[in-house]
Amino acid sequence: MEKVFIFGCGNLGKCLYDQLHNVINIIGYIDNNQEKWGTDYNGINIFSPNEAFNIAKEQDIYIIFGIVEYEDVLKQVLNEGIRKIVIWKHGFLFSYSEGSQLMPISLIDLVPYKKLNKNNLSVLFLQDKACIRTLKIANALKKLGADVSLAYTLAPPEQKNYIGIFDNIYSISNMKDFSDFLNKSEFDIIHSSNEPDFLTVLAHSGNIPVVHDCHDLSSGYLNLQINDLILEYAANSNSNGVIYYSEHIRNKALSEFAVSADKTFVLENLISEELKPSKYLKKLSESDGKTHIVYEGGVINDKKSHRYFEKIWNRIASDRIELHFYAPGDTDYFHYLETLNPHIHYEGNFSSKELSTEMTKYDVGLIYLNVTEENREYLESCFPNKIQEYINAGLPVAVGDIQSQIDFVESNSFGRYLDLDADILSQLKEIAEIPIEHEILTQKGYTLESKIPALVDFYKKVIDTYKKRLD
């Protein structure tokens, strides 16, 4: 396979390009949306299906599907008489043959990892796409002298603040190749993040101890299929160590899975000390006398989501409060939210480091989520990392009807509960007067760096236990 077309130029098509462009000649994208024909994506031309199919048949070129629901597109390609087809599922490549199973194929050679310094702790992080939690932990370990590498299935790191921290980055596209790679490598430990849990279970096939970083228990708030339930159980029960992000989730796992307490560790979603503001900006309220509050994070147009804010924000803004928000994603929807009330303002999407400084110009940080019967237990169990981001920017916090968040801000004098049925403006003015010291998170041990030495000790305990079982 020397040349390929990628069918689909959405997010998965981009991920597929990221994974393969260094090892194979990508001729172009194919898309059924005629408005995209003749344009480009990632600098790669987008072809109409008819044009691409003709080229594929003339030049004997494979077509790889970068689409989740590919069945209809598969019929479309087969009807053209094309049989050189590759299916991409969860980052893994499979050759397609009518009437037979999908067969794994290998395009990427994984060179085994060999330790240069035997005294350094070597950690392989495993995730479909490295999240900010993974990147922060890897970065903190790197500063302590550990060797950190990353294996991914979907996409390489994008957070520009953390690019360059990994000694090695491996793209995985074949399960057997990855298992062979692990058995020939010299990593001390694998740190695998859940969702999807099957990556942790796949890592169990190697001869390296595995720590499962359980971001949350999906079975607690999602209606999982039996296969996913089994994978969640296996990842938590069979890993050599398990990390939970809160005591609540840890205790729940201990009661539901065959997990021994002595092989667990709690590592909250703590902020990194690297994200301290570069400077503190002048408050907008000092110029116009208004009260300015800020929300940063996910915003979703789904009434069932805890990040659905239309009713909440409109109620707050109706009290003549300037509400500013920063979010990644659907900018069309974000601009629609601005039309609900002239006091709601979409400010764009910034990197974590940029945002820490940007938020200093506001008076109060807002974390008032859309709480429902279905998501309340999940939200009560989450460690309030967003609260830390506001405190990091020197902002007191207004929280909604989540008791764990109310307890956290009030016990630490970080903020207060905001009652939407009372005078919102006067409450926010009182919250804005709560003083937040610039180094308070470090002083209270609410930074990631404060927990990393204990994490290293946990790794060593897992490694020692694993070795003793082999002896």
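The model shown is predicted, which means the values in this text are computed figures rather than measured ones.

(A) Representation of the packing of aromatic side chains in the model. On inspection of all chains with the given rule, the structure shows 27 aromatic pairs. A centroid spacing of 5.4 Å and a plane angle of 80° characterise the contact between Tyr326 and Phe350, whose relative ring orientation is edge-to-face. Pair noted here: Tyr326 is in strand S17 (residues 322-326) and Phe350 is in the loop between strand S18 (344-346) and helix H12 (352-358), with a separation of 24 residues, a long-range link. The exposure class of Tyr326 is buried, given its relative accessible area of 2%.

(B) Just the layout of surface pockets, in detail. In this structure, the second largest pocket occupies an estimated 390 Å³ of space. Taken together, 15 residues line the second largest pocket, and the ones lying closest to its centre are Pro196, Asp197, Phe198, Asp228 and Leu231. Of all the elements in the fold, those that place two or more residues in the lining of the second largest pocket are strand S7 (92-95) and helix H7 (226-238). Broken down by element, the residue count for the lining of the second largest pocket peaks at 4 residues, all from H7. Tallied by class, the residues present in the lining of the second largest pocket amount to 7 nonpolar, 3 polar and 5 charged.

(C) Here's a closer look at the sheet that holds strand S19 (residues 364-367). Strand order in the open sheet made by the 6 strands is S18-S17-S16-S19-S20-S21, with parallel pairing throughout. Since the sheet does not close on itself, it has two edges, and those belong to S18 and strand S21 (415-417), each with one partner. For this sheet, the mean inter-axis angle between neighbouring strands, taken without regard to orientation, is 25°. Strands in contact with helix H15 (residues 403-411) are S19, strand S20 (397-399) and S21; relative to S21, the strand with the most contacts, it is inclined by about 145°.

(D) Just helix H2 (residues 49-59), in detail. Within the sequence span of H2, burial applies to Pro49, Ala52, Phe53, Ile55 and Ala56. An end-on view of H2 places all buried positions within 165° of arc, on one side of the element. Exposed residues lying more than 90 degrees from the buried face of H2 are Asn50 and Glu58. Contacts from the buried residues of H2 go to strand S1 (3-7), strand S2 (25-30), strand S4 (44-47), strand S5 (62-65) and helix H3 (71-78). The positive-phi residue at the C-terminal boundary of H2 is Asp60, with phi of around 60°.

(E) The pairing of strand S12 (residues 189-193), seen in detail. Within S12, 5 of the 5 residues are buried, which leaves it mostly tucked inside the rest of the structure. Burial of the side chains of S12 extends over both faces: Ile189, His191 and Ser193 are buried on one face and Ile190 and Ser192 on the other. Note: strand S9 (residues 122-129) against S12, 4 bridges, orientation parallel. Considered in S12, the bridge of Leu126 is made with Ser192. Judged from the 4 bridges that link them, S12 and strand S13 (residues 210-214) form a sheet pairing that is parallel. Across the sheet, His191 pairs through a bridge with Val211, a residue of S13. Following the chain from S12 across helix H6 (residues 198-203) to the adjacent parallel S13, one finds a crossover that is right-handed.

(F) View of the pairing of S7. When strand S6 (residues 85-89) meets S7, the two strands line up antiparallel, connected through 4 bridges. Its bridge partner being in S7, Ile87 is matched across the sheet by Phe94. Pairing analysis gives 2 bridges linking S7 to strand S8 (residues 103-104), with the strands arranged antiparallel. By the bridge assignment, Phe94 is partnered in S8 with Pro104.

(G) Local environment of the sheet that holds strand S10 (residues 147-155). In space, the 7 strands of this open sheet follow the order S11-S10-S9-S12-S13-S14-S15, with parallel pairing throughout. Edge positions in the sheet fall to strand S11 (168-171) and strand S15 (264-266), since each has one partner strand and no second. For this sheet, the mean angle separating the axes of adjacent strands, direction not counted, is 20°. In this fold helix H4 (residues 132-143) packs onto S9, S10, S12, S13 and strand S14 (241-244), with an angle of close to 165° to the strand it touches most, S9. Together, S9, S10, S11 and S12 form the strand contacts of helix H5 (residues 175-184), whose direction differs from that of S9 by roughly 170°.

(H) Representation of the packing of helix H10 (residues 310-317) against helix H11 (residues 331-340) within the structure. Their axes nearest at 10 Å, the elements H10 and H11 cross at an angle of 40°. Between H10 and H11, the crossing angle belongs to the class labelled oblique. As for how H10 packs across H11, the hand of that crossing is right-handed. For the pair H10 and H11, the contacting residues are Glu310, Trp313 and Asn314 in the first and Tyr333, Tyr336, Leu337 and Leu340 in the second. When its residues are assigned to classes, the contact of H10 with H11 shows 5 nonpolar, 1 polar and 1 charged.

The rules behind the values
- Residues numbered from 1 in each chain as written.
- Predicted model: local features only at pLDDT ≥ 70, side-chain atom pairs only at ≥ 80, totals over all residues.
- Heavy atoms only, no water.
- Phe/Tyr/Trp six-rings, centres within 6.5 Å; stacked < 30°, edge-to-face > 60°.
- Helix = DSSP H or I, 4+ residues; strand = E, 2+ residues; numbered from the N terminus.
- Buried < 20%, exposed > 50% of the residue type's maximum accessible area, 1.4 Å probe, protein only.
- 1 Å grid on protein atoms, 1.4 Å probe; cavity = no way out; pocket = protein on both sides within 12 Å on 5 of 7 lines; lining within 4 Å.
- Points joined across faces, edges and corners; volume = space filled by probe spheres on them.
- Nonpolar A, V, L, I, M, F, W, Y, C, P; charged D, E, K, R; others polar.
- Pairing = 2+ DSSP bridges.
- Axes fitted to C-alpha atoms, helices over the stretch in contact; angles between N-to-C directions.
- Contact = heavy atoms within 4.5 Å.
- Arc of directions from axis to C-beta.
- Right-handed = clockwise from strand over helix to strand, strands pointing away.
- Parallel < 35°, antiparallel > 145°, perpendicular 65-115°, else oblique.
- Left-handed = near helix turned anticlockwise from the far one by under 90°.

Everything listed is a geometric property; what it means functionally is a separate question.
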